[in-house]
Amino acid sequence: MKRFLLFCQFMFVVIILHATGQTGDIIYIDGARWELLGRPVCLDSALYYGLKAVLPEKRSINTSNWDGFTSYWSIQQDLLYLDSIKCEHYDPITNSMLGERISSDKLLKVFNKYVDRGRIVARWLSREIRVAAGKKIYYQHIGFERNYEEEKIISIDKGKVTGWKEFHNFVVDGYSFEKINSKNKREELQELFPLHIEQYPELACAERIVFYIKRAKVDAQGNLVECEVEVKSPNDNPRLAAEMAELMKAYHPWKVLFINGEYRADGIEGWTVPYLLDE
């Protein structure tokens, strides 16, 4: 039983570590440097196992780079090439991080099945990859869940580029429930969304209402065109939920993200909103 509990504790720590934002690989396209939001080398378990065997043991591993290396790629003549892999380690003499590239001989041996004319072609890869540049406009503290101003979604079939889509992402500033992280901001909700509390005698003893927002959709001008609201506390109240939904739809503007061709409600969808009542 003790071993089982220790194993569960270890797995919990591993899950937490992997839940942090990860640094991406680097890819060059037409001479321009982009961040590759993913780790294509890790998608083939046999390759990953072989690569780990030649990586330096003292490489730096942290919560933003759990694998302890960064791969460098390029696209040339519609082929995706793995050019090099770099690790870092701490040097106590200079009190700084030093970079170390894995030798070409070692890499060519690990990826021998995919070597063409002395270069490694990512023929193990058949999927879309996402590359990004510019200002970060959306971030979630997990994996590669973030978006930048400029993005390309590139389709790869056995290492060959078969197509891509380019996107310019942006933010339309407006209100979001991210701004209710202090008591003063929570009190502002009463002014922004003035509920007719007097119509709900069942709330006479309640100190607050907790709403849950889902299925929120916005347009390019920051209008909330659709949403569903649930009352989580003090109890389910469809009439109160409907009133809050109508007040939210009447408010303008809401914060909008334009991400890869779609408008998204930012700071609305999936939020639990505490609405304080007058004492």
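Preceding this paragraph is the structure being described.
Peer 1: Help me get a handle on the layout of surface pockets, residues and values and all.
Peer 2: If a probe as big as a water molecule is rolled over the atoms, it shows which places are left empty. One number sums up the size of the second largest pocket: a volume of about 320 Å³. Contributing to the lining of the second largest pocket are 15 residues, with Leu 37, Gly 38, Arg 39, Leu 43 and Arg 127 lying nearest its centre. Taken together, the residues of the lining of the second largest pocket break down into nine nonpolar, one polar and five charged.

Peer 1: So what's going on with the sheet that holds strand β15 (residues 262-265)? Which residues, and what values?
Peer 2: Sheet architecture is open: three strands sit in the order β11-β14-β15, paired in antiparallel fashion. Unpaired on one side and paired on the other, β11 (170-172) and β15 mark the two borders of the sheet. With direction set aside, neighbouring strand axes in the sheet form an average angle of 25°. Two elements, β11 and strand β14 (residues 256-259), share three bridges in a ladder whose sense is antiparallel. Looking across to β14, one finds that Val 171 is bridged to Leu 257.

Peer 1: An account of the pairing of strand β1 (residues 25-29) is needed here, citing residue identities and associated values.
Peer 2: Side-chain positions along a regular strand alternate between the two faces of the sheet. A large share of β1 lies buried, amounting to four of its five residues. Between β1 and strand β2 (residues 32-36), which pair antiparallel and follow one another directly, the connecting turn spans two residues, one of which, Asp 30, has a positive phi of 55°. Bridge analysis of β1 against strand β3 (residues 70-76) gives four bridges, and the strand direction is parallel. When the sheet's bridge partners are listed, Ile 27 is paired in β3 with Trp 73.

Thresholds, definitions, all that
- Residues numbered from 1 in each chain as written.
- Predicted model: local features only at pLDDT ≥ 70, side-chain atom pairs only at ≥ 80, totals over all residues.
- Heavy atoms only, no water.
- 1 Å grid on protein atoms, 1.4 Å probe; cavity = no way out; pocket = protein on both sides within 12 Å on 5 of 7 lines; lining within 4 Å.
- Points joined across faces, edges and corners; volume = space filled by probe spheres on them.
- Nonpolar A, V, L, I, M, F, W, Y, C, P; charged D, E, K, R; others polar.
- Pairing = 2+ DSSP bridges.
- Helix = DSSP H or I, 4+ residues; strand = E, 2+ residues; numbered from the N terminus.
- Axes fitted to C-alpha atoms, helices over the stretch in contact; angles between N-to-C directions.
- Buried < 20%, exposed > 50% of the residue type's maximum accessible area, 1.4 Å probe, protein only.

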